[in-house]
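Remarks on the overall topology
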2 protein chains.
Amino acid sequence: MSSGKHLAKGSAKPVLPDDGVLRLYSMRFCPYAHRAHLMLNAKKLDYHTVFINPIEKPEWLGEVSPLLKVPALHVVTEKGQPSLIESLIIAEYLDDKYSQNPLLSKDALKRAQDKILLERFNGITNAFIKILMQNTGLDDFWTALDIFEEELTKRGTSFFGGDNPGFVDYMIWPWLERLALIEYLLKDNYTFDEKRFAKMAQLIFLLKEDEAVKGFYATPEQHQEFWRGRQAGNASYDLLA
Amino acid sequence: MSSGKHLAKGSAKPVLPDDGVLRLYSMRFCPYAHRAHLMLNAKKLDYHTVFINPIEKPEWLGEVSPLLKVPALHVVTEKGQPSLIESLIIAEYLDDKYSQNPLLSKDALKRAQDKILLERFNGITNAFIKILMQNTGLDDFWTALDIFEEELTKRGTSFFGGDNPGFVDYMIWPWLERLALIEYLLKDNYTFDEKRFAKMAQLIFLLKEDEAVKGFYATPEQHQEFWRGRQAGNASYDLLA
């Protein structure tokens, strides 16, 4: 589970040991890459991380991620050593491939329902990005979050996955961890309504104590500091390196 | 495999027999709904179709598709009789649930790679809609199609699924069937390059003879006639009813 600085244009391609260990090309503050880290941690899989500067991408990135995307999982464990992209596809691949700690149900209907729920999570990610970019859209954000509060209430469990965190929990966590960014940007306009989102508040509290989450965690202050730099056109990707 | 006219606002909710048969809420000319029909046909599943007018939706639609979306698969076969939405999720559910004629590989890597390919198909659907709406973007369309020509060449098989149509083949077919719309809109600017897209041309030829495809097929002229009406603000949803 290495880390290190974000590699940029002009950097040498890192020499990784020929050890058959999965390689994740990531960016430390990308919520989509965050999903891949959470899955790898939750499945207790060993992996190498290579952080990539997403603005000034290294020339050799295409060799390990043909579409120059991050996150990319270089599956050196498979024939032909291909790379996988798209956070949800990477996550499902890991769950399908490695049987320990299964996160998506094996039941076709439950799988489909969890995937529909994650489609609906786009309402949250879209509202989130709008707040980040335009400082507006908080109402839409809360309305989108209502859906998750309702669903969690309906399921009657602590986590979307049941008594333990499941696929949905890990896939939405990166945005829950970044609520501090909304608070930072909207200041007093931001109040997390602990009554309206009682189940979600409890979920956040519980997930913060989860080992997979703790294995790739940044504090509210760190997320805010990163965003401050990014807004100023000077993102400190290596803040935690 | 019923059909009938598209039901609109003010229509009575159709009374379907309590026969435990899947119910698909669809629109005859929607390429996403088309995917669901193809999957149901390919799996040789019996199903009721209820066509919905997407502009003037019936008041009762929310009872069978809570987000008022089409396609929606009402799975009366499952406990609680929920509805599923999102064409790819519906398609994967059907393949996971019903073992006959498996369309997605059981291999985790191949599944992931097919899903990445379908993500990349968004390049085609986006270019397609741009041509439909703005009569422009043909170059982008061909460039996006190059990816599929290359991939099919690389796989060295007639279909993306191998010797028989698979998941990818059925998921992309609705847009291949609608190439005639581009021809209709762009007239002489449209030429399907049979050399550049030799494998795709063969794929189209072969898929046209597939039973699942033939079971829900509209001719180039029918697609064009539907689009002419839609452009004129007078879509004839019931053209084939």
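Procedures and definitions
- Residues numbered from 1 in each chain as written.
- Chains lettered and ligands numbered in written order.
- Predicted model: local features only at pLDDT ≥ 70, side-chain atom pairs only at ≥ 80, totals over all residues.
- Heavy atoms only, no water.
- UniProt positions renumbered as here; feature names shortened; annotations may be inferred.
- Contact = heavy atoms within 4.5 Å.
- Buried area = accessible area lost by both parts, 1.4 Å probe.
- Salt bridge = Lys/Arg side-chain N within 4 Å of Asp/Glu carboxyl O.
- Polar contact = N/O pair within 3.5 Å; in protein donor to acceptor, adjacent residues only side chain to side chain.
- Helix = DSSP H or I, 4+ residues; strand = E, 2+ residues; numbered from the N terminus.
- Axes fitted to C-alpha atoms, helices over the stretch in contact; angles between N-to-C directions.
- Parallel < 35°, antiparallel > 145°, perpendicular 65-115°, else oblique.
- Left-handed = near helix turned anticlockwise from the far one by under 90°.
- Pairing = 2+ DSSP bridges.
- Least-squares fit on C-alpha atoms with pLDDT ≥ 70 in both.
- Buried < 20%, exposed > 50% of the residue type's maximum accessible area, 1.4 Å probe, protein only.
- Lys, Arg positive; Asp, Glu negative; His and termini not counted.

You'll find chain A entered in an unreviewed UniProt entry as Pyrimidodiazepine synthase, with Drosophila kikkawai given as the organism. Here chain A is described in UniProt, under the heading Sequence similarities (unreviewed entry), as follows: "Belongs to the GST superfamily. Omega family."

**As for the interface of chain B and chain A**
Taken residue by residue, the interface counts 21 residues in chain B and 21 residues in chain A. The contact between chain B and chain A buries some 1,800 Å² in all, and 74% of this surface belongs to carbon and sulfur atoms. Of all residues in chain B, the largest losses of buried area upon contact with chain A belong to Ile89(B), Leu109(B) and Ile116(B), amounting jointly to 28% of the total for that side. The interface formed by chain B and chain A holds 3 salt bridges in total. In this structure, Arg111(A) engages Asp96(B) in a salt bridge whose closest nitrogen and oxygen atoms are separated by 4.0 Å. The interface formed by chain B and chain A holds 2 residue pairs in polar contact (both at pLDDT 80 or more) in total. Taken together, the elements giving at least two residues each to the side of chain B that touches chain A come down to strand E4 (83–85), helix H3 (87–97) and helix H4 (108–120) of chain B. Per-element tally for the side of chain B that touches chain A: the top contributor is H4(B), with 9 residues.

**Side note on the packing of helix H4 (residues 108–120) of chain A against helix H7 (residues 167–177) of chain A**
Residue and element names in this part refer to chain A. For the pair H4 and H7, interaxial distance at closest approach is 10 Å and the crossing angle is 10 degrees. By the criterion of interaxial angle, the relationship of H4 to H7 is roughly parallel. The two elements H4 and H7 meet at a crossing, and its hand is right-handed. Counting all contacts with H4, which are made through Asp114, Leu117 and Leu118, the residues of H7 involved are Phe167, Val168, Met171 and Ile172.

**Looking at the sheet that holds strand E1 (residues 22–26) of chain A**
All names here are of chain A. The mixed open sheet is built from 4 strands, whose spatial order is E2-E1-E3-E4. The open sheet terminates on both sides in strands that have one partner only, identified here as strand E2 (47–51) and strand E4 (83–85). Neighbour-to-neighbour, the strand axes of the sheet open up by a mean angle of 20 degrees, direction not taken into account. Sheet topology note: the strand E3 (residues 72–74)/E4 ladder contains 3 bridges and is antiparallel. Along E4, the bridge assignment pairs Leu73 with Leu84.

**Quick notes on the UniProt feature "domain: GST N-terminal" (unreviewed entry) in chain A**
In the numbering used here, UniProt assigns the feature "domain: GST N-terminal" (unreviewed entry) to residues 20–102 of chain A. Strand forms 19% of residues 20–102 of chain A and helix 33%; the C-alpha atoms that close the span are 22 Å apart.

**Thoughts on the relation of the copies chain B and chain A**
Superposing chain B onto chain A requires a rotation of 180 degrees together with a translation of 0.0 Å along the rotation axis, leaving an RMSD of 0.0 Å. Considering both components of the superposition, the chain copies are consistent with a two-fold axis. Most of the interface of chain B is mirrored in chain A, where 100% of its interface residues again form contacts.

**Here's the deal with the pattern of salt bridges**
The full count for this structure, using the stated rule, is 27 salt bridges over all chains. Of the charged contacts, one joins Arg111(A) and Glu92(A) as a salt bridge, the two residues approaching to 3.0 Å between their closest N and O atoms. Of this pair, Arg111(A) sits in helix H4 while Glu92(A) sits in helix H3 (residues 87–97); the two residues are 19 residues apart in sequence, bridging distant segments of the chain. Comparing Arg111(A) with Glu92(A) shows no difference in burial state: the two are buried. Each of Glu92(A), Asp96(A), Arg111(A), Lys115(A), Glu92(B), Asp96(B), Arg111(B) and Lys115(B) takes part in a single network of salt bridges with overlapping partners.

**Some details on the sheet that holds strand E2 (residues 47–51) of chain B**
Residues and elements named next belong to chain B. As summarised here, the arrangement of the 4 strands in space is E2-E1-E3-E4, forming an open sheet in which the pairing is mixed. The open sheet is flanked by E2 and E4, the only strands paired with a single partner. Each strand axis lies, on average, 20 degrees off the axis of its neighbour in the sheet, ignoring direction. Of the pairings in the sheet, the one linking strand E1 (residues 22–26) to E2 comprises 5 bridges and is parallel in character. Paired with Arg23 across the two strands is His48, which belongs to E2. Sheet strands touched by H3: E1, strand E3 (72–74) and E4. Its angle to E4, the strand with the most contacts, is close to 125 degrees.

**So, the side chain of Arg178(B)**
All names here are of chain B. Looking at the secondary structure, you find Arg178 in the loop between helix H7 (167–177) and helix H8 (179–186). Although Arg178 is buried, it makes no salt bridge; Glu177 carries the closest opposite charge, 4.6 Å away. Those residues in contact with Arg178 that lie beyond four places of it in its chain are Arg28, Phe29, Cys30, Pro31, His34, Phe128 and His223.

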